Amino acid sequence: MPFESGENADLNQYWYSKNTMEAFVKEIQGLTKVGAAFLSTPSLYFSLDNEDVKKNSKVFEYDRQWETDPGFVFYDYDKPSEVNITLFGQFDMVVIDPPFITEEKKKKYAETARLLLCPGGKLICTTIVENEGLMASLLGCKPVKFQPSIP
């Protein structure tokens, strides 16, 4: 995968394993027709190899090291509705991997996801199994057998 960047423990950044990134990228590129919003998932955004998908996608990220990328959108998950209104409803997929797994943070990510997702859009969310009920109530997400890994 082409993503090469160091993790920043101060921002709670941990990248997926190569196999996990490949599995996610295959799923995302196979399902999105319009474009994907990547919330706090720069490793997946920068691993896209389908240029049509990438040019219609955005990475919503707090870490400004990628701000020169045309798909970068500064995103502070503590201000979930402060996303440019022109991006509302523009993505048929939202990918969420919050750096923190508290209920409060999940609610904020869910708020942003609902703003960005177009009707009928799909979600890919990663979390711990204990959050199954919360994710179902917030976004209608259901668990799958795939378990992502970090190196």
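## A closer look at the nonpolar core
Part 1 of the reasoning: In this structure, Leu39, Phe60, Leu87, Val94, Ile96, Leu116 and Leu139 are the most contacted members of the largest nonpolar core, which totals 21 residues.
Part 2 of the reasoning: Residue assignment for this core shows that the elements contributing at least two residues are strand 1 (36–39), strand 4 (91–96), helix 4 (103–116) and helix 5 (132–139).
Part 3 of the reasoning: With residues up to four places along the chain from it excluded, the contact list for Leu139 reads Ile96, Ala110, Ala113, Arg114, Leu123 and Cys125.
Part 4 of the reasoning: In this structure, Phe24, Leu44, Val95 and Ile124 belong to the second largest nonpolar core, which totals 17 residues.

## Focus on the side chain of Ser40
Part 1 of the reasoning: Structurally, Ser40 can be placed in the loop between strand 1 and helix 2 (42–45).
Part 2 of the reasoning: On the basis of relative accessibility, which here comes to 15%, the residue Ser40 falls in the buried class.
Part 3 of the reasoning: A distance of 2.6 Å separates polar atoms of two side chains, one belonging to Ser40 and the other to Tyr109.

## Comments concerning the environment of Lys26
Part 1 of the reasoning: Of note, Lys26 is situated in helix 1 (residues 18–31).
Part 2 of the reasoning: Residue class for Lys26 comes out exposed when judged on its relative accessible area of 68%.

About the thresholds
- Residues numbered from 1 in each chain as written.
- Predicted model: local features only at pLDDT ≥ 70, side-chain atom pairs only at ≥ 80, totals over all residues.
- Heavy atoms only, no water.
- Core = buried A, V, L, I, M, F, W, Y, C linked by side-chain atoms within 4.5 Å.
- Buried < 20%, exposed > 50% of the residue type's maximum accessible area, 1.4 Å probe, protein only.
- Helix = DSSP H or I, 4+ residues; strand = E, 2+ residues; numbered from the N terminus.
- Contact = heavy atoms within 4.5 Å.
- Polar contact = N/O pair within 3.5 Å; in protein donor to acceptor, adjacent residues only side chain to side chain.

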